[in-house]
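# Fold and geometry: a report
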Amino acid sequence: MKLTTREKASYGMGAVGKDLVYILVASFFMYYCTEVLKISGTFVGVLFMVARVFDALNDPFMGVVVEKTNSRFGKFRPWLLIGTILNAVILVVMFSVPSHLEGVGLLAYVSVAYIAWGVTYTIMDIPYWSMIPAITEAGTDRENISVIARSCAGVGAAIATALTLKAVSLLGGKNELLGFKYFSIAVAIFFIAAIVICVTNVKEHRVEKKKVVTVKEMFTSLIRNDQALVIVISIIMFNASLYITQQLAIYFFKYDIGNKALYSVFGVVGGATQIIAMMFLPALRKKFESKNILVGAIGVTLVGYTSLFILGTINCKNMVLLCIAAMIIFFGFGLATVLTTIFLADTVDYGEWKDGQRNDSVIFSLQTFVVKLASAVSVLIAGVGIDVIGLNEDVIEQSAQTIFGLRFIMCIIPMIGLVVSIMYFIKKYKLDQNKLEVITKDLAERRAANDSE
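What counts, and where the lines are drawn
Residues numbered from 1 in each chain as written. Predicted model: local features only at pLDDT ≥ 70, side-chain atom pairs only at ≥ 80, totals over all residues. Heavy atoms only, no water. Helix = DSSP H or I, 4+ residues; strand = E, 2+ residues; numbered from the N terminus. Buried < 20%, exposed > 50% of the residue type's maximum accessible area, 1.4 Å probe, protein only. Contact = heavy atoms within 4.5 Å. Disulfide = S-S within 2.5 Å. Patch = residues over 30% accessible without salt bridge, like charges linked within 9 Å, V, L, I, M, F, W, Y side chains within 5 Å. Areas by Shrake-Rupley, 256 points an atom, 1.4 Å probe, with all protein chains shown as cover. Salt bridge = Lys/Arg side-chain N within 4 Å of Asp/Glu carboxyl O. Phe/Tyr/Trp six-rings, centres within 6.5 Å; stacked < 30°, edge-to-face > 60°.

### Some remarks on the side chain of asparagine 239
- Positionally, asparagine 239 belongs in helix 9 (residues 226-257).
- According to the relative accessible area criterion, asparagine 239 is buried, its value standing at 13%.
- The contacts of asparagine 239, once residues within four sequence positions are left out, are Val371 and Ala374.

Have a look at this one:
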């Protein structure tokens, strides 16, 4: 049974709502903590790292809960709605810190709220993506709804990036504490409405029996599959580099460029370019080997980082040039993001060829885990870095050393991470086109032999 236009639009609306919330927290909560609440960057970095690692470990356990659910509304939609309501409430709590709180009380409030937000987001996010097999048949319809959902998620992210600072200023004036509170309420209401539309109009038509992945299985498979391990480590380094830039970009525009509102433009341009890069990849793969494209993509990104660092060093505040640097950075990352997923898929075949076990779900469950781990690493570096360079939000003009330190952490450290990761990848990743052809041929022969028995 094919999805109707209404069902596709409703499912996409759910992605808009949930990623609007995600980017609001991922891109702006650190700023809210350090700039509005005046909490130490080191504390925030450590808190975010612990919470993200804890959240990553929760994913397979939530998968078990969903798999064991059997209600008249299905197994996915009840948890999707419950998780959304809980997450929306906690979102407002996170951005509604009482003005009188300080010291240990303030740190405890933020810590509990942030960890609770991560847990409740997992309750909602896991069933949202897991329900795709229950609403589509394998093939074109499933591919289409996946593209719609990813594209709509990008729209939600773009909305959060473009509107947050403007909305906070409009709703709170000079009082950012109040502005963030009112904006979080508006986002929470939209979030709930979007998911209600989704669960109301998208019914679970069928359920595929899937093996529930445990943390033990994830790491056992990873240890056995050396090429999957290479990709996982590479993804962590690639993503952590980009996330450092995303975490600190708002500080860069506030203190270096002198206009934090321009961050929205920078982020939207970068995000749009990343999507465009993904669209270009199929054409590039027809002419070049994937491994070479990845090397080229990282090279392009390094050029973008170099350009951004130079523009900051010469005190260039030309938004056109800054956006060009963003386009170069995110174009390379757009290619790298899709390519690492393709490489991960290739390691599934490699694992079956090497030891006779095909662990599709186990290997791909690592994607969410490593992305969250990369995010944990980046927020730790960004948070500690803010304190190390002596960034002081109470000072109108930061020292030259502080501004240089900010540029260094935002541009040079990611560049170092990218260089190390691509060198590691080139040295360790062995699945080139020739090797994959051999693996594919051998697997086909083995399966044919098994079928004939």
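### Things to note about the state of the cysteines
- Under the defined criterion, the tally for this structure stands at 0 disulfides.
- Of the cysteine sulfurs around cysteine 152, a residue in no disulfide, the closest is that of cysteine 198, at 11 Å.
- Since its relative accessible area comes to 19%, cysteine 152 is described here as buried.
- Of all cysteine sulfurs in the structure, the one in cysteine 323 sits closest to cysteine 316, which takes part in no disulfide; the separation is 11 Å.

### Things to note about a nonpolar patch on the surface
- A cluster of nonpolar residues, Leu170, Leu171, Leu178, Tyr182, Ile185 and Ile189, forms a patch on the protein surface that exposes about 560 Å² of accessible area.
- Where the nonpolar patch is concerned, the elements lending two or more residues are helix 6 (140-172) and helix 7 (176-201).
- When residues in the nonpolar patch are grouped by element, the largest group, 4 residues, is from helix 7.
- In this structure, leucine 171 sits in helix 6.

### A few points about the packing of aromatic side chains
- Applying the stated criterion to the full structure yields 25 aromatic pairs.
- Centroid distance phenylalanine 29 to phenylalanine 95: 5.3 Å. Interplanar angle 85°. Geometry classified as edge-to-face. Residue phenylalanine 29 is found in helix 1 (residues 5-36), and its partner phenylalanine 95 is found in the loop between helix 3 (77-94) and helix 4 (103-130); the two are separated by 66 residues along the sequence.
- Feature note: the residues Tyr22, Phe29, Tyr31, Tyr32, Phe48, Phe95, Tyr114, Trp117, Tyr121, Phe180 and Tyr251 constitute an aromatic cluster, connected by ring pairs.

Worth remembering: the numbers are spatial, not functional.
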